[in-house]
Amino acid sequence: MKYAIETKNLAKKFGFRIVVDSVNLKVPEGSVTALVGENGAGKTTTLSMISGLVRPTLGQMIILGKDISETDVIREDVGVALQKSSFDPHRKALDTLMFYASLKGIKKEDARVECTELLKKVDMEEHAETRIKEMSHGMLKMMEFANALIGDPRVLILDEPASGLDPEYYHKLKELIKGFGKNKTVLLASHNLDFVSEVCDHVAVMHKGKIMIQEKEKKLAHGKALEKVFVDLMKKF
Amino acid sequence: MNRIKEVGIVLWSELKQASRDRKILIIIAIYVILLGIGMKQSVTLSQTFSASLFRVFLFSRTPIPYELLLFYFVSIAALPLFSLMLSYDSISGGISNMTIRNLAVRVKRSSIITGKFLAQVLTNASVNLTLYLMAALYMFWETRHLMLSQTLQLWIYLTVFMIYFTSLGLLMSNITTKPHRSLYIGVALIIGLIFVSSYESVAWMSPYNYYINGFHILAGNTAKVAESIISMLGFSALFFGASFFIFRRRDL
């Protein structure tokens, strides 16, 4: 099996506290893999290291065959949607996406076409001229998602993409991720196990900074609700 | 995307953001008003005290345009704080409001820090160039002497002095993630550097040891000016290098 994302003994310490401990994660190409775990399990830190925002204390990270262990190595062909919106509050939606498109080397006119299309894709075309500071939480989450899709990357890293979304955007997000098929590899962290069981085909369970189980979703859930399986697992750990 | 293009995009975005940022516009307005008053006072003082000023600079072989020299001293007194105010939150501000994160997942950190630094230097240098050109025109109006070449020479020297404080501000914005702490440490350092310049054995570390050399430009002593420029640019490179080193290793 080919892996789009691979981490080897990935670890992060904040002071004396080990937040991520020897994580060996393997995300198959074309899969939608979820990192699940209780609060403070190390999901966001793991994704932040893979995204290049947090520097690993130890270990190696490989995306699409390229070693990206250093923070100053650009994650080419990777789109990242952060948990908390981090856009300039004064910019308008379309301008924001166009700015990030320019950072990917996309020419202005092409960027305008692509970003307008992306806003349409996430049901936000009527908000193209809305400023970031005027947006609701759900709109910001969809903006983060649209931002991750700029340049049509092969790998997507999504941190809690479904949290706080209203039913309409929630449904839209699920449909979009399902629609990727085998064209994209998605690694996401989520608390929402219904969302995970609906969109993900692989699940990695994190607990106290370690990956305890990494399985296909169907094999792990075994016909039961993922939530029940997860609660049972947590009792065992 | 190549490095120069990346730096260019960050630089352009920072300049656009600065032109919309109310805080930056207020800081620039206060600086312009202060220097505008300084400009007027320099002309008045030089007309009143030209005889005593002449005695101060008696060793100079070339005639000194005192009004310009006084304006230079006024601007250089306000410049450290102005430079710090423009640069203290360039990184720590982006970390605290998280706007730097979306940038850092797309652009090399080295390009981010270089783009931000160049944007501050350009903003600061343009404001000062405008003020110096206005000063030259005002002095021409008052004295009928056009001092354009000397004005530009002093502006170049002032720019080097400004680069020192901008790189220091950048370093301060890197050592902490809280903008107000960057500002406090920066102000404390500016005050500290004034004291450092008064002790002969360590005075070389302080830019205040070199700022007086600006008048050597007007007096034609190029060796002294070159020595000061090299020292200040050396320290600026050191501060920028340290900022770069910290920023590459920082968790965002």
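Because the structure is a prediction, the values reported are computed rather than measured. (Residues numbered from 1 in each chain as written. Chains lettered and ligands numbered in written order. Predicted model: local features only at pLDDT ≥ 70, side-chain atom pairs only at ≥ 80, totals over all residues.)

Q: Help me understand the overall build of chain B in this model?
A: Along its length, chain B carries 10 helices and 0 strands. Going from the N terminus to the C terminus, chain B shows its helices and strands as α-α-α-α-α-α-α-α-α-α. Taking the principal axes of its C-alpha atoms as reference, chain B extends roughly 60 × 40 × 35 Å. Counting only residues that meet the buried cut, chain B has 41% of its 252 residues in that class. (Helix = DSSP H or I, 4+ residues; strand = E, 2+ residues; numbered from the N terminus. Buried ≥ 20, exposed ≤ 12 C-beta atoms within 10 Å, placed from the backbone.)

Q: Before we go on, may I ask you to explain the overall build of chain A in this structure?
A: Check the secondary structure of chain A and you find 8 helices and 11 strands. Computed over the C-alpha atoms, the radius of gyration of chain A is 18 Å, within 12% of the 18 Å expected from 2.2 N^0.38 for a compact globule of 237 residues. By its C-alpha atoms, chain A is 50 × 40 × 35 Å across when sized along the principal axes. Taking all 237 residues of chain A together, 48% fall into the buried category. Sequence separation of 24 or more characterises 68% of the internal contacts of chain A that already satisfy a separation of 6 or more. (Rg over C-alpha atoms; globule rule 2.2 N^0.38 Å. Contact = placed C-beta atoms within 7 Å.)

Q: I would appreciate a short explanation of the sheet that holds strand E10 (residues 202–207) of chain A in the present structure.
A: All names here are of chain A. Read from one edge of the open sheet, 6 strands run E7-E8-E9-E4-E10-E11, paired in mixed fashion. Two strands bound the open sheet, and with one partner strand each, they are strand E7 (78–81) and strand E11 (210–216). Geometrically, the sheet is characterised by an average inter-axis angle of 15° between neighbouring strands, direction not taken into account. Bridge analysis of strand E4 (residues 32–36) against strand E9 (residues 185–189) gives 4 bridges, and the strand direction is parallel. Across the sheet, residue Val32 finds its bridge partner in E9, namely Val186. Packed onto the sheet, helix H4 (residues 137–148) meets E7 and strand E8 (155–159) and runs at close to 170° relative to E7. (Pairing = 2+ DSSP bridges. Axes fitted to C-alpha atoms, helices over the stretch in contact; angles between N-to-C directions.)

Q: In this structure, what is going on with helix H5 (residues 167–179) of chain A? I would like to understand it.
A: All names here are of chain A. With 13 residues, H5 should reach 18 Å at 1.5 Å per residue; the first-to-last C-alpha distance of 18 Å fits that figure. Along H5, the residues classified as buried are Tyr169, Leu173 and Ile177. Projected down its long axis, H5 shows its buried positions confined to an angular sector of 70°, all on one face. Of the residues in H5, the exposed ones pointing more than 90 degrees away from the buried face are Pro167, Glu168, His171, Glu175, Lys178 and Gly179. Contacts made by the buried residues of H5 are with E4, H4, E9 and helix H6 (193–199). Following H5 by one or two positions, Gly181 has its phi on the positive side, about 60°. (Expected span 1.5 Å × (residues − 1). Arc of directions from axis to C-beta.)

Q: What is the right way to look at unusual backbone geometry in this model?
A: Note: most peptide bonds trans; most residues except glycine with negative phi. Residues and elements named next belong to chain A. One non-glycine residue with positive phi stands out, namely Glu160, at about 50°. For Glu160, the location among the structural elements is in the loop between E8 and H5. Here Glu160 falls in the buried class, since 22 other C-beta atoms lie within 10 Å of it. Its identity is not glycine, yet Lys208 carries a phi of approximately 45°, on the positive side. In this structure, Lys208 sits in the loop between E10 and E11. Taking the number of C-beta atoms within 10 Å as the measure of exposure, Lys208 has 15 and is therefore partly exposed.

Q: Help me understand the interface of chain A and chain B, please; the structure alone is not making it clear to me.
A: Many authors give the size of an interface as the accessible area that is lost as the parts come together. Contacts between chain A and chain B engage 23 residues on the former and 20 residues on the latter. With 4 residues, the top contributor of residues to the side of chain A that touches chain B is helix H2 (residues 93–103) of chain A. Here the residues of the side of chain A that touches chain B sort into 9 nonpolar, 8 polar and 6 charged. (Nonpolar A, V, L, I, M, F, W, Y, C, P; charged D, E, K, R; others polar.)

Q: Is there a simple way to explain the domain arrangement of chain A in this structure?
A: Residues and elements named next belong to chain A. Examined at the domain level, chain A breaks down into domain 1 (1–77 + 156–161 + 185–237) and domain 2 (83–153). Computed over C-alpha atoms, the centres of domain 1 and domain 2 are 26 Å apart. Opposite the 7 residues of domain 1 that make contact, domain 2 presents 5 residues. If one sorts the elements of the side of domain 1 that touches domain 2 by residue count, E8 sits on top with 3 residues. (Domains from an automatic or database assignment.)

Q: What is the right way to read the pairing of E8(A) from this model?
A: Sheet faces and side chains relate simply in a regular strand, where the side chains alternate between the two faces. Residues and elements named next belong to chain A. Burial within E8 is extensive, with 5 of its 5 residues counted as buried. The alternating pattern of E8 places Val155, Ile157 and Asp159 and Leu156 and Leu158 on opposite faces, both of which are buried. Bridge count between E7 and E8: 4 bridges; the pairing is parallel. Paired with Val78 across the two strands is Val155, which belongs to E8. Strand direction decides the pairing type here: E8 and E9, joined by 5 bridges, are parallel. In the strand pairing of E9, Leu158 is matched with Leu188. A crossover links E8 with its parallel partner E9, the connecting element being H5, and its sense is right-handed. (Right-handed = clockwise from strand over helix to strand, strands pointing away.)

Q: Could you clarify how one ought to interpret the nonpolar core in this entry?
A: Most often, soluble globular proteins have nonpolar side chains that are buried together. Within the largest apolar cluster, 137 residues are counted, with the highest numbers of intra-cluster contacts made by Leu97(A), Ala146(A), Ile157(A), Val196(A) and Phe161(B). Mapped onto the domain boundaries, this core takes at least three residues apiece from domain 1 (1–77 + 156–161 + 185–237) and domain 2 (83–153) of chain A. Look past the residues within four positions of Ile157(A) in its chain and what remains in contact with it is Leu47(A), Ile50(A), Ser51(A), Val78(A), Val80(A) and Leu187(A). (Core = buried A, V, L, I, M, F, W, Y, C linked by C-beta atoms within 7 Å.)

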